[in-house]
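Single-letter residue listing:
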Amino acid sequence: LKTSPESVIDLLFYYVETGVQLSLDYGDIDEKFYSSLESVYLEAIRLVEKHNFNKKFEDRAYEIVEKTANMGWGFHDFLADIYLQAYGE
């Protein structure tokens, strides 16, 4: 199978979405967990920008940030900063 940048980005966002949902369903986890999600979200955004998929993934990237609004460990703030750097307000 040949992978495409779009498929990789999709998988990275899926990883973050799954982690966010786990936290919403089961409560606060730990800093290491959120740090992992942050690094994967950042990598997804970098690939989005590199391959000019900004419009294609904008809503998905935003929804992830919105779902983290009440999460701790600075998680929401980190994701919001990354989103705003990529997409502006």
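Refer to the preceding data block for the structure.
Residues numbered from 1 in each chain as written. Predicted model: local features only at pLDDT ≥ 70, side-chain atom pairs only at ≥ 80, totals over all residues. Heavy atoms only, no water.

Take the nonpolar core next. Judged by nonpolar contacts, the single largest core of 26 residues is most densely connected at Phe13, Tyr41, Ile45 and Tyr87. Those elements that place two or more of their residues in this core are α1 (5–26), α2 (31–50), α3 (54–67) and α4 (75–87). In contact with Phe13, not counting residues within four places along its chain, are Tyr41, Ala44, Ile45, Val48, Phe57, Arg60, Ala61 and Ile64. (Core = buried A, V, L, I, M, F, W, Y, C linked by side-chain atoms within 4.5 Å. Buried < 20%, exposed > 50% of the residue type's maximum accessible area, 1.4 Å probe, protein only. Helix = DSSP H or I, 4+ residues; strand = E, 2+ residues; numbered from the N terminus. Contact = heavy atoms within 4.5 Å.)

Here we come to the environment of Arg60. Along the polypeptide, Arg60 turns up in helix α3. Separated by 43 residues in sequence, Arg60 and Glu17 place their C-alpha atoms 9.2 Å apart.

Considering all chains together, one arrives at 4 salt bridges under this definition. Two residues, Lys56 and Glu6, come together in a salt bridge whose shortest N-O distance is 2.9 Å. Of this pair, Lys56 sits in helix α3 while Glu6 sits in helix α1, and the two are 50 residues apart along the sequence. For Glu6, a relative accessible area of 31% translates into the label partly exposed. When the shortest N-O distance is used, the salt bridge between Glu17 and Arg60 registers 2.7 Å. Taken as a pair, Glu17 in helix α1 and Arg60 in helix α3 lie far apart in primary sequence, 43 residues in all. (Salt bridge = Lys/Arg side-chain N within 4 Å of Asp/Glu carboxyl O.)

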